[in-house]
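Structural characterization, general
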Amino acid sequence: MSRLPHEMGSIQHHTSVRMPNAGGVDSSAAANSANGINTVARVIVERDYRSGIGIKFMTDFPQPELGGRIDPAVFEKTIKDINTMFEEAEEFDCTTFCESCLGYLTANLIYLCTDTKYDKCLKKLTRFVEEQNQRVYMPRGLHITNPLERGLRCIEIVIVSDARS
């Protein structure tokens, strides 16, 4: 006889439902923390699959959640810059070809000595997100999460303070 999950006692499962749009909010994040920051709510910027499966995020401004906190043009520029960095990382060019050939010839040992073009672009993205948080988002009570931390599925913008500037 099989038992239902709720009858097992020790199993607890929590699912957060997000709407599949550019500005879904997970307001159950009120007492949670992300990166050591007490959060009020989370705004999710989903991947944009309209032009293929390349890594690209929607640039639609989530007005109800971020309106009054950040200028829509600043938000759009940040997302577009992130999209551009992923385009650059995924672009197949002479550098990528040579890296692949060297990897083949050295049985991938070359990757112990040097970073690939893709890795360099991801490091550039990490620096960009950190810089945007320091200069643009944190002064407005927001924190943008690196898409790498979410498995490249979404960009999460955490609202850290409830007081609007």
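Each chain carries its own residue numbering, running from 1 in the direction its sequence is written. Reporting in this predicted model follows two pLDDT cut-offs: at least 70 for local features of residues, and 80 or more for side-chain atom pairs to be given and counted; totals over whole chains, interfaces and linings ignore these cut-offs and use all residues. The basis for every side-chain value is the complete set of non-hydrogen atoms in the structure, without hydrogens or water.

By the naming in an unreviewed UniProt entry, the protein goes by Ras modification protein ERF4 and is assigned to Orchesella dallaii. The record in UniProt for the protein states the following under Sequence similarities (unreviewed entry): "Belongs to the ERF4 family." UniProt positions are given in the numbering used here, feature names are shortened, and annotations may be inferred rather than shown by experiment. If you open the UniProt record of the protein and go to Subcellular location (unreviewed entry), you find "Endoplasmic reticulum membrane".

Thoughts on the pairing of strand 6 (residues 154-159)
When you tally the buried positions in strand 6, you get six out of six residues, the bulk of the element. Here strand 6 shows a buried face lined by Cys-154, Glu-156 and Val-158 and a second buried face lined by Ile-155, Ile-157 and Ile-159. In the sheet, strand 4 (residues 41-46) pairs with strand 6 via six bridges, with the strands oriented antiparallel. Within the sheet, the bridge partner assigned to Arg-42 lies in strand 6 and is Val-158. Taken together, the three bridges between strand 5 (residues 142-144) and strand 6 define a ladder with antiparallel strand orientation. By the bridge assignment for strand 6, His-143 is matched with Val-158. Note on classification: 1.4 Å probe, protein chains only; a residue is buried when its accessible area is under 20% of the maximum for its type, exposed when over 50%, partly exposed between these limits. A run of H or I in DSSP counts as a helix once it spans at least four residues, and a run of E counts as a strand once it spans at least two, with each numbered from the N terminus. For two strands to be treated as a pair, DSSP must find at least two bridges joining them.

Points about the nonpolar core
Within this scheme, the nonpolar core is defined by two criteria: the residues are buried Ala, Val, Leu, Ile, Met, Phe, Trp, Tyr or Cys, and they are joined through side-chain atoms within 4.5 Å. Phe-57, Leu-66, Phe-75, Ile-82, Phe-86 and Ile-157 are the most contacted members of the largest nonpolar core, which totals 25 residues. If you list the elements that add at least two residues to this core, you get strand 4, helix 2 (72-90), helix 5 (117-137), strand 5 and strand 6. Of the residues forming this core, the biggest block, six residues, is contributed by helix 5.

Some thoughts on helix 5
An α-helix turns once per 3.6 residues; consequently, residues spaced three or four apart project the same way. Expected span of a helix: the number of residues minus one, times 1.5 Å. The first and last C-alpha atoms of helix 5 sit 28 Å apart over 21 residues, in line with the 30 Å expected at 1.5 Å per residue. Taken as a whole, helix 5 has its buried residues at Lys-117, Cys-121, Leu-122, Leu-125, Phe-128, Val-129, Gln-132, Asn-133, Val-136 and Tyr-137.

A short note on the confidence of the model for the protein
The predictor attaches a confidence to each residue, and that confidence, scored 0 to 100, is pLDDT. Averaged over every residue, the pLDDT of the protein is 80; the share at 70 or more is 74%. Any two residues whose heavy atoms approach within 4.5 Å are treated as being in contact. This stretch, residues 1-34, has a pLDDT under 50; its non-local contacts, to residues over four places away or in other chains, come to 49 contacts.

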